[in-house]
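Okay, here's what each chain looks like letter by letter:
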Amino acid sequence: QVQLVESGGGLVQAGGSLRLSCAASGTIFSINSMGWHRQTPGKQRELVAAITSGGTTTYADSVKGRFTISRDNARNTVYLQVNSLKPEDTAVYYCSADVLRRDGGVWNKYWGQGTQVTVSS
């Protein structure tokens, strides 16, 4: 089993900042890409940012320059520093990880349970 547990969401005023964390645990042999996604009611989940095990990052255009993704490979943890928040950033934020389990098999994508970020104007 593999579990991803997020933390760090909350209510913040426009212009504020938060730091989201997501720790992966369980029967993990290796993790490739880790990412953050967000979803609002009635819309599809969208990729916000992703980072490979080597540190290569990708960002959605809407968050470039405001959000920063990072990871600690030793702790199997990914972070998302979110600055200059806007009301349109309000969403449930989910982390993901592409994991190869110790008990073998194929790479699978695992998801966290989500953490709510609400930005008030």
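On a predicted model such as this, the values are computed, not experimentally measured, just so you know.

**Re the packing of aromatic side chains**
All chains considered together, the criterion is met by 0 aromatic pairs. Directly above the aromatic system of tyrosine 79 lies the positively charged group of arginine 19, at a separation of 4.1 Å from the ring centroid. Above the ring of tryptophan 111, the side-chain terminus of arginine 45 is found at 4.7 Å from the ring centroid.

**Comments concerning the pairing of strand S9 (residues 91–101)**
Taking burial as the measure, the 11 residues of S9 include 9 buried ones, the bulk of the element. Of the strand pairs in this sheet, S9 and strand S11 (residues 115–120) are connected by 3 bridges, and their pairing is antiparallel. Across the sheet, the residue bridging to alanine 91 is valine 117, located in S11.

**Some words on the side chain of arginine 71**
Relative to the helices and strands, arginine 71 resides in strand S7 (residues 67–72). Despite being buried, arginine 71 has no salt bridge partner; aspartate 72 is the closest side chain of opposite charge, sitting 8.1 Å away. Polar contacts involving the side chain of arginine 71 include one to the main-chain carbonyl oxygen of threonine 52, which spans 3.2 Å. Within the structure, arginine 71 has its side chain in polar contact with the side chain of asparagine 73 (distance 2.6 Å). Apart from the residues lying within four places of it in its own chain, the contact partners of arginine 71 are Ile31, Asn32, Ser33, Met34, Ile51, Thr52, Ser53, Thr77, Val78 and Tyr79.

Procedures and definitions
- Residues numbered from 1 in each chain as written.
- Predicted model: local features only at pLDDT ≥ 70, side-chain atom pairs only at ≥ 80, totals over all residues.
- Heavy atoms only, no water.
- Phe/Tyr/Trp six-rings, centres within 6.5 Å; stacked < 30°, edge-to-face > 60°.
- Lys NZ or Arg CZ within 6 Å of the ring centre and 35° of its normal.
- Buried < 20%, exposed > 50% of the residue type's maximum accessible area, 1.4 Å probe, protein only.
- Helix = DSSP H or I, 4+ residues; strand = E, 2+ residues; numbered from the N terminus.
- Pairing = 2+ DSSP bridges.
- Lys, Arg positive; Asp, Glu negative; His and termini not counted.
- Salt bridge = Lys/Arg side-chain N within 4 Å of Asp/Glu carboxyl O.
- Polar contact = N/O pair within 3.5 Å; in protein donor to acceptor, adjacent residues only side chain to side chain.
- Contact = heavy atoms within 4.5 Å.

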